[in-house]
Amino acid sequence: MPLPARAEVVVVGAGLAGLSAAWRLAAAGCDVHVLDAARHAGGRVATEVVDGFVVDRGFQVLNVGYPRVADLDLAALDLGWFWAGAVVRVDGRAHRVVDPRRRPAEVLGTLRAPIGSPARKAAIAGFSARAALTPVERLLRAPETTAEQRLRAAGVGDAAIDRFFRPFLAGVLLEDRLETSSRYLDLLWRSFARGPIGLPARGMQRIGEQLADRVGAGRVHLGVRVTAVSGTGVTSDDGPVRADAVVVATDPGTAAALVPAVTGSAPRQVTTHLHVLPASPTGDPLVVLGTPGGRLVNSVVLTDAQPAYSPDGRALVASSSLAPTREAEVRGEVAALHGVGPGDLEHLTSVTVTGAQPAALPPLQLRRAVDLGGGLYVCGDHRDTPSIQGAMASGARTARAVLAALRPARRGAA
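The model shown is predicted, which means the values in this text are computed figures rather than measured ones.

1. Side note on the domain arrangement of the protein
Turning to step 1, where the next piece is worked out: One can read the domain layout of the protein as domain 1 (6-46 + 203-265 + 362-406) and domain 2 (98-193).
Turning to step 2, where the next piece is worked out: Placing a centre on the C-alpha atoms of domain 1 and another on those of domain 2 gives a separation of 33 Å.
Turning to step 3, where the next piece is worked out: Taken together, the contact pairs 8 residues of domain 1 with 11 residues of domain 2.
Turning to step 4, where the next piece is worked out: Here domain 1 meets domain 2 over a buried area of about 640 Å², counting both sides, of which 67% is carbon and sulfur.
Turning to step 5, where the next piece is worked out: On the domain 1 side of the contact with domain 2, Pro362, Leu364 and Arg367 bury the most area, a combined 63% of that side's loss.
Turning to step 6, where the next piece is worked out: Taking the shortest distance from any N to any O, the salt bridge between Glu137 and Arg367 comes out at 3.4 Å.
Turning to step 7, where the next piece is worked out: The interface formed by domain 1 and domain 2 includes 3 residue pairs in polar contact (both at pLDDT 80 or more).
Turning to step 8, where the next piece is worked out: Taken together, the residues of the side of domain 1 that touches domain 2 sort by class into 5 nonpolar, 2 polar and 1 charged.

Right under this line is the structure:
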């Protein structure tokens, strides 16, 4: 469908933030159109098929503990689930650290895991319980430090930090110095404690596609590059579109180029290597954490959680490093983490994602302004937290702001 000459609202960017705003506006009766230079909906949450295997753009998961995940039709995503926990390797031996509330049979193994004394393990349980049960606003009122300082104050100990928390969080925060805001750590750990993580059967991109379907046929225009924006319309390679409101919902670098008043960047990056094994080494859907001094932060058999990622029953393994790495540099480490021989691994592909997400350093800036005035709005995970939750929450806030301006009599409709 060609671009309209005029629309009530134009959203620039078909990532999770822009689509979260757009479907709410469409549901409220707005004539909204979404433009994106990419050929797929979902933005950085992207998927391709390689030799029949479902390959996401880096190791990504859907955390059902995120509040805004309630916006999605989870049943339609056909999620496969990971266990809540991870495998820690020490001196060549694998030890499981699993949430005993969800896997009672793993209690004994978790108690024996070499991540600290019983008192330290009790401190880990206390830290998790505090994050899970404390209201969000109280968590946000706590004194802000770094993530490492918060963990040390919780008394979890050096062994737990270096063998469990640092590599586990590095896979999420895409930084291993634990310099992220303690407030974001609290929010993140709350989501892990309150909900499982999973993978859609058709890949993570299906999340964005589901939101795009709600916007409506012919209203999401892919492969259209926007070159200029204002509060009254946009200019694109396919022509101009006049509008009553314009929402810039791109990555922070593109947003700053289009709107000089916006500041932000996405300095975090990750390289993920995909390998195929004839079969899974264990069959248990747990992330295997990298070891201190290694290149990898984690490695996981994706098909243990979501068998649909494989076309023929073979196992698909994703292994991630924060620094750009070559497959040959990490093959031996991948094999050691899973207890297989390097020759057993068949390299499928490798993906380096630059600009993967913004940093969340203290002071954490939550709920940054989305209304720039004059009919121009901005949303994205750089306006909230660097996560699927942050992107979708920012989009929801932006939809409310647009409706408050365009249809004040229907305030709250979004």
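There is more to say after this.
2. Quick word on the environment of Gly198
Turning to step 1, where the next piece is worked out: Inspection of the secondary structure assignment puts Gly198 in strand S9 (residues 197-200).
Turning to step 2, where the next piece is worked out: With 147 residues separating them along the chain, Gly198 and Asp51 place their C-alpha atoms 23 Å apart.
Turning to step 3, where the next piece is worked out: Sequence-distant contacts of Gly198, defined by excluding residues within four places in its chain, comprise Val61, Leu62, Leu79, Gly80, Trp81 and Phe82.

3. With respect to the pattern of salt bridges
Opposite charge on two side chains allows them to pair when their charged atoms are near.
Turning to step 1, where the next piece is worked out: Evaluation of the coordinates by the stated rule reveals 28 salt bridges.
Turning to step 2, where the next piece is worked out: For Asp186, the salt bridge is made with Arg130, and the minimal N-O distance between the two is 3.2 Å. Placement of Asp186 in helix H8 (residues 182-194) and of Arg130 in helix H4 (residues 118-133) is noted, with a sequence separation of 56 residues between them.
Turning to step 3, where the next piece is worked out: For Asp186, a relative accessible area of 0% corresponds to the buried category.
Turning to step 4, where the next piece is worked out: On the basis of relative accessible area, Arg130 is assigned to the partly exposed category, the value being 31%.
Turning to step 5, where the next piece is worked out: One salt bridge connects Arg152 with Glu148, and the closest N-O pair in it is separated by 3.0 Å. Taken together, the positions of Arg152 and Glu148, both in helix H6 (residues 147-154) and 4 residues apart, correspond to about one turn of that helix.
Turning to step 6, where the next piece is worked out: The exposure class of Arg152 is partly exposed, given its relative accessible area of 40%.

4. Here's the deal with the side chain of Ser236
Turning to step 1, where the next piece is worked out: As for its placement among the helices and strands, Ser236 is situated in strand S12 (residues 233-236).
Turning to step 2, where the next piece is worked out: Classification of Ser236 by relative accessible area gives buried; the value is 8%.
Turning to step 3, where the next piece is worked out: Within the structure, Ser236 has its side chain in polar contact with the backbone nitrogen of Asp238 (distance 3.1 Å).
Turning to step 4, where the next piece is worked out: Among the polar contacts listed, one links the side chain of Ser236 to the backbone oxygen of Gly239, at a separation of 2.7 Å.
Turning to step 5, where the next piece is worked out: Look past the residues within four positions of Ser236 in its chain and what remains in contact with it is Leu3, Leu35, Val224, Arg225, Val226 and Thr227.

5. Brief notes about helix H12 (residues 327-338)
Turning to step 1, where the next piece is worked out: A rise of 1.5 Å per residue sets the reference length of H12, with its 12 residues, at 16 Å; its end C-alpha atoms lie 16 Å apart and thus fit the reference within 8%.
Turning to step 2, where the next piece is worked out: Along H12, the residues classified as buried are Glu327, Val330, Glu333, Val334, Ala335, Leu337 and His338.
Turning to step 3, where the next piece is worked out: Where H12 ends, the next residue or the one after it, Gly339, has phi of about 70°, a positive value.

6. Describing the UniProt feature "domain: Amine oxidase" (unreviewed entry) in the protein
Turning to step 1, where the next piece is worked out: Under the local residue numbering, the UniProt record ascribes the feature "domain: Amine oxidase" (unreviewed entry) to residues 16-403.
Turning to step 2, where the next piece is worked out: Within residues 16-403, the helical portion is 34% and the strand portion 26%, while the C-alpha atoms at the span's ends are 19 Å from each other.

7. Overview of the packing of aromatic side chains
The description of an aromatic ring pair rests on the distance of the ring centres and on the angle between the ring planes.
Turning to step 1, where the next piece is worked out: Scanning all chains against the criterion turns up 10 aromatic pairs.
Turning to step 2, where the next piece is worked out: Consider the rings of Phe127 and Phe165, whose centres lie 6.1 Å apart with planes at 85°: the pair is edge-to-face. Placement of Phe127 in helix H4 and of Phe165 in helix H7 (residues 158-173) is noted, with a sequence separation of 38 residues between them. Both residues of the pair, Phe127 and Phe165, belong to the buried class.
Turning to step 3, where the next piece is worked out: Between Phe164 and Phe165 the ring centres are 5.1 Å apart and the planes differ by 80°, which places this aromatic pair in the edge-to-face class.
Turning to step 4, where the next piece is worked out: Taken together, the ring pairs connect Phe127, Phe164, Phe165, Phe168, Trp189 and Phe192 into an aromatic cluster.
Turning to step 5, where the next piece is worked out: The residue whose ring lies beneath Arg214 is Trp23, and the NZ or CZ to ring-centre distance is 4.8 Å.

8. Let's talk about H7
Turning to step 1, where the next piece is worked out: Between its first and last C-alpha atoms H7 spans 19 Å; for 16 residues at 1.5 Å apiece the expected length is 22 Å, and the helix comes up short by more than 12%.
Turning to step 2, where the next piece is worked out: When the local axis directions of H7 are compared, the greatest deviation, roughly 40°, occurs at Phe165, which is followed within four positions by the proline Pro167.
Turning to step 3, where the next piece is worked out: At the C-terminal side of H7, Leu174 shows a positive phi close to 60°.

9. Structural notes on the sheet that holds strand S5 (residues 62-63)
Turning to step 1, where the next piece is worked out: Overall, antiparallel pairing links the 3 strands, which are arranged S5-S9-S6 in an open sheet. At either end of the open sheet lies a strand with only one pairing partner, and these are S5 and strand S6 (79-81).

10. Regarding the sheet that holds strand S17 (residues 315-321)
Turning to step 1, where the next piece is worked out: The 7 strands are arranged S8-S7-S15-S16-S17-S14-S18 in an open sheet whose pairing can be described as mixed. Looking at strand neighbours, the two that pair on one side only are strand S8 (93-98) and strand S18 (346-357), the edges of this open sheet. Sheet twist, expressed as the mean angle between neighbouring strand axes with direction ignored, is 25°.
Turning to step 2, where the next piece is worked out: Two elements, strand S14 (residues 268-277) and S18, share 8 bridges in a ladder whose sense is antiparallel. In the strand pairing of S18, Leu274 is matched with Thr349.
Turning to step 3, where the next piece is worked out: Taken strand by strand, H7 contacts strand S7 (85-90), S8, S14, strand S15 (287-289), strand S16 (296-301) and S18, and its axis lies near 125° from that of S7.

Conventions and cut-offs
Residues numbered from 1 in each chain as written. Predicted model: local features only at pLDDT ≥ 70, side-chain atom pairs only at ≥ 80, totals over all residues. Heavy atoms only, no water. Domains from an automatic or database assignment. Contact = heavy atoms within 4.5 Å. Buried area = accessible area lost by both parts, 1.4 Å probe. Salt bridge = Lys/Arg side-chain N within 4 Å of Asp/Glu carboxyl O. Polar contact = N/O pair within 3.5 Å; in protein donor to acceptor, adjacent residues only side chain to side chain. Nonpolar A, V, L, I, M, F, W, Y, C, P; charged D, E, K, R; others polar. Helix = DSSP H or I, 4+ residues; strand = E, 2+ residues; numbered from the N terminus. Buried < 20%, exposed > 50% of the residue type's maximum accessible area, 1.4 Å probe, protein only. Expected span 1.5 Å × (residues − 1). UniProt positions renumbered as here; feature names shortened; annotations may be inferred. Phe/Tyr/Trp six-rings, centres within 6.5 Å; stacked < 30°, edge-to-face > 60°. Lys NZ or Arg CZ within 6 Å of the ring centre and 35° of its normal. Bend = angle between axes of the 7 residues up to and from the residue. Pairing = 2+ DSSP bridges. Axes fitted to C-alpha atoms, helices over the stretch in contact; angles between N-to-C directions.

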